[in-house]
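# An overview of the molecular structure
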Protein chains: 2
Amino acid sequence: MIQVGILGLGTVGTGVVELIEKNNDIIEKRIGDRINIKKVLVKNINKRRSSLVEGKITDKFEDILEDEDISVVAEVMGGEEPALTYIRELLSRGKHVVTANKEVISEHGNELLKISAEKDVNLLFEASVGGGIPIIMPMKQCLSANDIVKVMGILNGTTNYILSQMTEKSESFSEALEKAQLEGCAESDPTNDVKGFDAARKLAILSSIAFNTRITPEQVYTEGIDNISHLDIEYARELGAVIKLIALGKKNENNIEVSVTPVLLKKDHPLASVSGTFNAIMVEGDAVGPVMFYGLGAGKMPTASAVVADIMEAVRNKNGSKLHCTCYNRLNVMDSGESVTSFYLRLRVFDRPGVLSKIAGAFGENQISLSKVFQKNTINGTAEIVMVTYDVPFKNLQEALDEIRAYKQVVEISTVIRVEGEC
Amino acid sequence: MIQVGILGLGTVGTGVVELIEKNNDIIEKRIGDRINIKKVLVKNINKRRSSLVEGKITDKFEDILEDEDISVVAEVMGGEEPALTYIRELLSRGKHVVTANKEVISEHGNELLKISAEKDVNLLFEASVGGGIPIIMPMKQCLSANDIVKVMGILNGTTNYILSQMTEKSESFSEALEKAQLEGCAESDPTNDVKGFDAARKLAILSSIAFNTRITPEQVYTEGIDNISHLDIEYARELGAVIKLIALGKKNENNIEVSVTPVLLKKDHPLASVSGTFNAIMVEGDAVGPVMFYGLGAGKMPTASAVVADIMEAVRNKNGSKLHCTCYNRLNVMDSGESVTSFYLRLRVFDRPGVLSKIAGAFGENQISLSKVFQKNTINGTAEIVMVTYDVPFKNLQEALDEIRAYKQVVEISTVIRVEGEC
């Protein structure tokens, strides 16, 4: 019997307990031994729990840390502390650790993987990105002969659900958010999701692996989706595109570009049809070309699927050569202003002669060419102008927009959204 | 330096040589050592070769087999023999083997994995299914906590290219095949691809892994695409569907269903938008739900990507616990007649009163309900009837069609195609 400890018994922890119970026969056939959950760490020891964990509950971390029988611990409590401290101590004691914790791995993976290397134990974190979708091990192993040049994906199910609702049901952002909260796929404080912070953490993990250089969430240029209006969704549709929150990591000649932003994607782009709470990640290697991984990026059982597989892998590979930190490069992160792409813009202006020529002038001065301009609905003497630029450095666009914002004929610059490919 | 032998220097072999040359610095950083291709087995030693293999060419297998320095051998010659004999001998000598050979693995993987287990060496074959797409290792490791209930995919790029051309360019089967041959994505003898045999081999490999039971290509019910007319493509479009050659493995309560057949897929099915030479594989697990893997399923560099990654994995894992045969179950394969699905039918009949009622009668007698019937173009006194049935066991349909075929009012039963979901 493999003795396992679990930290945390929330949604994912409960899923892990249930999945091991359900599939222990399969697990035994696949790795030659059954898993026994010996102890589960919880905050409140008095809460009623499932009979599956009867007699296993503890509120003392030391009960797990100091149990010599426990060789593998799954950390599924989430949040930075005390998870970080616990993982550090478990690894230092020579225990294998598997975790679903994107906060800890994106900020401290580097330090923790050094400890796992020193102690020759496995530290696995497949569940930290994309829920149950196999992505980290495939990148570290199956694609390891490639120079990976790009990762691009939908890494947050909540925002993808909201954008899908806005697109398919013509809902406003706040209606769609409310629905997501009612259906349990958005938290009551949705900041981390809608502002893009959750996706930025996951992108930091993926980019660090893809480009073999340490990328932290703070280095990811991040925009959320809370500024996207149903008008943008509608105009995107007219352009043959959809709006998705896209995490993008790209290797340039001298640096790495990492961003999480809303993006207009042409309808035939493989990521455009990824809807609802599904996630998808495209990885582009110099040999393999583009490959895509798709599935449920969160949820109790999909996440448990990755956590339990990691427990099995930690056991299988206990005497083998482990995958530790692969950040052997030191690559610079590009300043977001240098990022070159085309942009979709929506502006509201007073409907007077000469406004458009003034705006066009500001673009011209900053070497920005426009591929599309159209005037939309006019209300109360103001008109809406939608424009799509050709490729331009973001900082040139920002300068032009600063000038334009200062014109008294301009009511507001409503939205600025990146465009992938030609729209 | 890791000394590697290569069997075969065709397209894939050349890709492997070039990729190792190109990315050897990356490989060294990732596995701690460079790869040196020490010997390459070819048939014709007098042919002009790239300078990359100068002084390494041999036409004697023993030069590789008996070279004590060579620890890993990549078999990329293809075909059953002599590849099978070579792999058997290499494993028996304690060498790690990686192969892209679907013929050998689908028919003899079982035997070869037993030898690899006895000798405690790695036998890896990621490239045998889906080219560079990570699928075998993700299934064996990342999804190993799941009871896998279904695999479904587009496993043959040639037929997918042909069907895509027929769909997008309204070409006939033979026009599209000719184009595929001109562009090098179909062989001069296209039988293995268009008859579904290639996909059946890949499905046998995937199903054996997914369901942990040995499935051979002969057990896969296989239909090709050479019977599909542009009319079927057109009528599918009218039904909101596309036609794809789908490999399907499904676990039922008491058996396994394995088939490679053309299938009408609703346009919003994730596999429906996989076009050209791309492959995609959906795997459904009890915990993870559906996950999909997508990419180029063949070609020089995508396949080399998987072969070289397997070489790296064999090195990394030389002292670890290996993944050997996982077929610990003995599950029956369902007779294709028992398979229950709905069907699309196209018939040509003499345009006389009572024909439809006779046909409908035969369906009724065999407990077949129709969800859609429409009469299409009438030419020279014959009419085309298109029907979609509700779910029905294939054998009932076959009985009904045998009766219908015997009616003198029926000119021909032109096509019978399975339908996934509701059309």
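Computed from a prediction, not measured in an experiment: that's the story for all the values here.

Cut-off values and rules
- Residues numbered from 1 in each chain as written.
- Chains lettered and ligands numbered in written order.
- Predicted model: local features only at pLDDT ≥ 70, side-chain atom pairs only at ≥ 80, totals over all residues.
- Heavy atoms only, no water.
- Salt bridge = Lys/Arg side-chain N within 4 Å of Asp/Glu carboxyl O.
- Helix = DSSP H or I, 4+ residues; strand = E, 2+ residues; numbered from the N terminus.
- Buried < 20%, exposed > 50% of the residue type's maximum accessible area, 1.4 Å probe, protein only.
- Domains from an automatic or database assignment.
- Contact = heavy atoms within 4.5 Å.
- Buried area = accessible area lost by both parts, 1.4 Å probe.
- Polar contact = N/O pair within 3.5 Å; in protein donor to acceptor, adjacent residues only side chain to side chain.
- Nonpolar A, V, L, I, M, F, W, Y, C, P; charged D, E, K, R; others polar.
- Core = buried A, V, L, I, M, F, W, Y, C linked by side-chain atoms within 4.5 Å.
- UniProt positions renumbered as here; feature names shortened; annotations may be inferred.
- Axes fitted to C-alpha atoms, helices over the stretch in contact; angles between N-to-C directions.
- Parallel < 35°, antiparallel > 145°, perpendicular 65-115°, else oblique.
- Left-handed = near helix turned anticlockwise from the far one by under 90°.
- Pairing = 2+ DSSP bridges.
- Least-squares fit on C-alpha atoms with pLDDT ≥ 70 in both.

### What about the pattern of salt bridges?
This model, assessed by the stated rule, comprises 52 salt bridges over all chains. Residues A:Asp67 and A:Lys39 are paired through a salt bridge, measuring 2.7 Å at the closest nitrogen-oxygen approach. Residue A:Asp67 is located in the loop between α2 (61-65) and β4 (72-75), and its partner A:Lys39 is located in strand β2 (residues 35-41); the two are separated by 28 residues in the primary sequence. Note on A:Asp67: relative accessible area 8%, which makes it buried. A salt bridge links B:Asp59 to B:Lys60; the shortest N-O distance between them is 3.6 Å. Owing to a relative accessible area of 48%, B:Lys60 belongs among the partly exposed residues under this scheme. One connected set of salt bridges, linked through shared partners, spans A:Lys38, A:Lys39, A:Asp67 and A:Asp69.

### Here's the deal with the domain arrangement of chain A
All names here are of chain A. According to the domain assignment, chain A consists of domain 1 (2-130 + 302-316), domain 2 (136-296) and domain 3 (337-420). A straight line from the C-alpha centre of domain 2 to that of domain 3 covers 25 Å. Contact with domain 2, which involves 22 residues of that partner, is made by 19 residues of domain 3. Between domain 2 and domain 3, roughly 1,600 Å² of surface is buried when both sides are summed, and carbon and sulfur atoms account for 56% of that area. Its largest share of buried area at the contact with domain 3, domain 2 owes to Tyr235, Leu239 and Leu264, together 36% of the area lost on that side. Taken together, the connections running from domain 2 to domain 3 amount to three salt bridges. For the pair domain 2 and domain 3, the interface holds nine residue pairs in polar contact (both at pLDDT 80 or more). Broken down by secondary-structure element, the contributors of at least two residues to the side of domain 2 that touches domain 3 are β7 (148-154), α10 (230-238) and β10 (255-266). Among the elements that line the side of domain 2 that touches domain 3, the one with the most residues is β10, at eight residues. Of the residues belonging to the side of domain 2 that touches domain 3, the class tally is eleven nonpolar, five polar and six charged.

### Quick word on the nonpolar core
Counting residues in hydrophobic clusters, the biggest one holds 154 residues, and the most contacted among them are A:Met139, A:Val283, B:Met139 and B:Val283. When neighbours within four sequence positions are excluded, A:Val283 is seen to be in contact with A:Ile135, A:Met139, A:Leu143, A:Ile148, A:Lys150, A:Val151, A:Gly289, A:Pro290, A:Val291 and A:Phe293.

### A short note on the interface of chain A and chain B
Contact with chain A, which involves 49 residues of that partner, is made by 49 residues of chain B. Interface area, chain A with chain B, both sides summed: about 4,200 Å², of which 56% is carbon and sulfur. Linking chain A with chain B are two salt bridges, by the criterion used here. A salt bridge links A:Lys22 to B:Asp286; its shortest N-O distance comes to 2.6 Å. Viewed at the interface, chain B and chain A are joined by 22 residue pairs in polar contact (both at pLDDT 80 or more). For the side of chain A that touches chain B, the elements supplying multiple residues, two or more each, are α1 (11-31), α5 (136-142), β12 (289-296) and α11 (300-316) of chain A. Considering every element that reaches the side of chain A that touches chain B, the biggest residue donor is α11(A), with eight residues.

### Quick look at the UniProt feature "binding site: L-homoserine" (unreviewed entry) in chain A
Residue and element names in this part refer to chain A. Within the UniProt annotation, "binding site: L-homoserine" (unreviewed entry) is assigned to Glu187. Along the chain, the position of Glu187 falls in the loop between α7 (173-182) and α8 (191-194). Setting aside its immediate chain neighbours within four residues, Glu187 contacts Gln181 and Asp193.

### A short note on the packing of helix α6 (residues 157-168) of chain B against helix α7 (residues 173-182) of chain B
Residues and elements named next belong to chain B. Between α6 and α7, the least distance of the axes is 9 Å, while the angle of their chain directions is 125°. Taken together, the axes of α6 and α7 lie oblique to each other. Note on packing geometry: the crossing formed by α6 with α7 is right-handed. When α6 is examined against α7, the residues Tyr161, Ile162, Gln165 and Met166 are found in contact with a partner set consisting of Phe173, Ala176, Leu177, Lys179 and Ala180. Residue composition of the contact of α6 with α7, grouped by class: seven nonpolar, one polar and one charged.

### A few points about the sheet that holds strand β1 (residues 2-7) of chain A
Two pairing modes exist for strands in a sheet, parallel and antiparallel, and in both the strands are linked by backbone hydrogen bonds. Residue and element names in this part refer to chain A. Read across the open sheet, the six strands follow the order β3-β2-β1-β4-β5-β6; overall the sheet is parallel. Edge positions in the sheet fall to β3 (57-58) and β6 (123-124), since each has one partner strand and no second. Where β2 lies against β3, two bridges are found, and the strand directions are parallel. Looking at β3, one finds that Val40 is bridged to Ile57.

### Some thoughts on the relation of the copies chain A and chain B
Two copies of the chain are present, and they differ by a rotation about an axis and a shift along that axis. Screw-axis analysis of chain A against chain B gives a translation of 0.0 Å along the axis, an RMSD of 0.0 Å, and a rotation angle of 180°. As the rotation angle and translation indicate, the two copies are arranged about a two-fold axis. When C-alpha distances to the rotation axis are compared across chain A, the minimum falls at A:Gly320, with a value of 1.8 Å.

### Let's talk about the sheet that holds strand β2 (residues 35-41) of chain B
Residue and element names in this part refer to chain B. Ordered by their spatial adjacency, six strands build an open sheet running β3-β2-β1-β4-β5-β6, and the pairing between neighbours is parallel. Two strands in the sheet have a free side with no partner beyond their single neighbour: β3 (57-58) and β6 (123-124). Taken together, the two bridges between strand β5 (residues 96-99) and β6 define a ladder with parallel strand orientation. Within the sheet, the bridge partner assigned to Val98 lies in β6 and is Leu124. On the sheet, helix α1 (residues 11-31) packs against β1 (2-7) and β2 and is oriented at approximately 150° with respect to β2.

### Observations regarding the pairing of strand β7 (residues 148-154) of chain B
Residues and elements named next belong to chain B. Judged by how many residues are buried, β7 sits mostly within the fold: six of seven residues are covered. Judged from the six bridges that link them, β7 and strand β11 (residues 278-285) form a sheet pairing that is antiparallel. Pairing of Val151 across the sheet is with Val283, part of β11. Across four bridges, the pairing between β7 and strand β9 (residues 241-251) is antiparallel. The partner of Gly153 across the bridge, within β9, is Ala247.

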